[in-house]
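Single-letter residue listing:
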Amino acid sequence: MPRHYVKDTTEFTHLPAGVEYALHKQTGFLTPNDRFFVCSAGDTVALDAASWRLTIEGDGVARPLSLGYDQLQAMEQTTVPALLECAGNHRRLFQDVLGERLDKRPDITEVLWGLGAVGMAEWRGVRLRDLLTRAGVDAAAIHVCPIGHDKGIAAEQRMQCPMPLAKAMDPDTLIALAMNGEPLPPDHGFPARVIVPGWVGTYSVKWLDRIEVSMTHRWVPRNTEYYVLRGEHWPEKDYAPARGAPITAHTIKSSLALPWPATLRAARQVISGYARSPDACIRRVEWSDDDGRTWREADIVSPNLRYAWVRFCFEWTAAPGDHTLMTRAFDDKGRSQPERVPFNIGGYAFNMIHPHPVEVLA
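The sections below set out a description of the structure shown in this document. Please read all numbers here as calculations on a predicted model, not as lab measurements.

1. Some thoughts on the sheet that holds strand β24 (residues 356-361)
An order of β17-β24-β23-β19-β20 is seen for the five strands of this open sheet, with the pairing classed as mixed. Lying at the two open borders of the sheet, with one neighbouring strand each, are β17 (262-265) and β20 (296-297).

What follows is the structure in structure tokens.
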């Protein structure tokens with residue numbers, strides 16, 4: 001059954017739990033709101049800002065709060081440029097590059113994201129730590145759990161994903177009210193959503209209803225069943241009651257902004273792409289057209305910020321025939337893309353250096 005979206009998604013690829021905007025159609029640093037991918041368990045939720053309220057509660061706060069939209073707007077606002085990316089972005093490459101079948105979770109219809117379940121925006125709103133401080137958060141609290149108005153999948157009554165108190169108190173973790181200078185669009189969480197920079201998109205809960213702060217570890221489907229690394233490299237016994245290792249921060253990666261596979265004309269071509277790191281600036285991006293025997297440095301042609309992606313480009317003389325292009329990113333914390341990644345049952349966190357197929361026509 002088709003999902004309900006408010007924006008026009010005609011140019012998007014429709015998948016079981018969202019819509020993907022092809023990466024090769026992006027040309028700038030910021031992704032326009034009407035071209036930003038959407039990942040949701042159900043239809044877009046329609047909420048009235050005049051009657052909506054956000055509650056901060058739980059045994060981890062001394063003074064529970066209930067705030068309306070205007071009250072949040074009246075608080076000190078901050079802007080954080082940050083990309084938002086689904087943990088399953090590039091999932092299809094486990095099949096296309098490594099030949100690993102993504103059919104290991106029979107109870108879930110896998111969302112075969114290509115390269116486009118990612119977007120870059122400037123988010124503006126209230127620091128979550130300001131609300132938690134106002135509510136008298138206990139310094140010994142374990143989890144801060146945003147809960148949305150939308151229903152989750154399977155056992156989830158409401159969409160929710162807890163984060164540790166330290167991440168919630170990070171000055172860049174926001175209750176976002178605006179996206180790229182406009183009020184949050186309905187498909188992206190109006191009136192308010194969480195933005196957790198550097199962490200995978202499932203933590204950035206949309207259509208906020210309440211935030212529960214707990215003195216004990218909170219287990220929900222998203223940190224026990226759905227967003228965990230499962231497989232032979234992550235024995236379940238080591239992570240119980242979760243079925244694998246929790247997925248939190250992004251991985252360092254780079255992607256070419258080309259169709260998959262790409263078809264080009266024989267000529268001097270300017271090839272572009274995007275690189276990103278969990279929480280550091282990109283130091284350099286390199287590219288290869290000979291299976292990694294020779295690497296050349298690409299030019300970074302956009303702002304280079306802690307939680308943002310960077311746009312890079314390079315010139316390539318495209319000769320007729322079949323080719324593969326490869327890129328690899330390095331960040332300021334010494335991280336770089338791996339040559340290979342182990343397969344996990346959910347198809348998450350694919351960030352290996354990979355061949356991008358290109359056919360060049362005479």
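2. Observations concerning the pattern of salt bridges
Under the criterion given, the structure shown has 28 salt bridges. Between Arg127 and Glu76 there is a salt bridge whose closest N-O contact spans 3.9 Å. Remark: Glu76 occurs in the loop between α1 (69-74) and β6 (78-85) and Arg127 occurs in strand β7 (residues 118-127); sequence separation between them is 51 residues. Classification of Glu76 by relative accessible area gives exposed; the value is 57%. For Asp172, the salt bridge goes to Arg306, with nearest N and O atoms at 3.9 Å. With Asp172 in the loop between α4 (165-168) and β10 (174-179) and Arg306 in the loop between β21 (299-300) and β22 (309-318), this residue pair connects regions lying 134 residues apart in the sequence. Judged by relative accessible area, which is 22%, Asp172 ranks as partly exposed. Through salt bridges with shared partners, a single network forms among Glu57, Arg158, Asp209, Arg210, Glu212 and Arg218.

3. Quick look at the sheet that holds strand β8 (residues 143-148)
Pairing is mixed across the open sheet formed by five strands, whose spatial order is β5-β4-β13-β8-β9. Whereas interior strands pair on both sides, the edge strands pair on one side only; in this sheet they are β5 (65-68) and β9 (163-164). Two elements, β8 and β9, share two bridges in a ladder whose sense is antiparallel. By the bridge assignment for β9, Val144 is matched with Met163.

4. Considerations on the state of the cysteines
Following the criterion strictly, the structure yields zero disulfides and no others. We note that Cys161 lacks a disulfide partner, and the nearest cysteine sulfur, in Cys145, lies 7.3 Å from it. Classification of Cys161 as buried rests on a relative accessible area of 0%. Of all cysteine sulfurs in the structure, the one in Cys313 sits closest to Cys281, which takes part in no disulfide; the separation is 18 Å. With a relative accessible area of 23%, Cys281 lands in the partly exposed category.

5. Focus on the environment of Val111
Looking at where Val111 falls in the secondary structure, it is placed in the loop between α2 (92-96) and β7. Overall, the relative accessible area of 9% leaves Val111 in the buried class. C-alpha separation for the pair Val111 and Val19, spaced 92 residues apart in sequence, amounts to 9.9 Å. With near-sequence residues (within four places) excluded, Val111 lies in contact with Leu15, Pro16, Ala17 and Arg91.

Parameters at a glance
- Residues numbered from 1 in each chain as written.
- Predicted model: local features only at pLDDT ≥ 70, side-chain atom pairs only at ≥ 80, totals over all residues.
- Heavy atoms only, no water.
- Pairing = 2+ DSSP bridges.
- Helix = DSSP H or I, 4+ residues; strand = E, 2+ residues; numbered from the N terminus.
- Salt bridge = Lys/Arg side-chain N within 4 Å of Asp/Glu carboxyl O.
- Buried < 20%, exposed > 50% of the residue type's maximum accessible area, 1.4 Å probe, protein only.
- Disulfide = S-S within 2.5 Å.
- Contact = heavy atoms within 4.5 Å.

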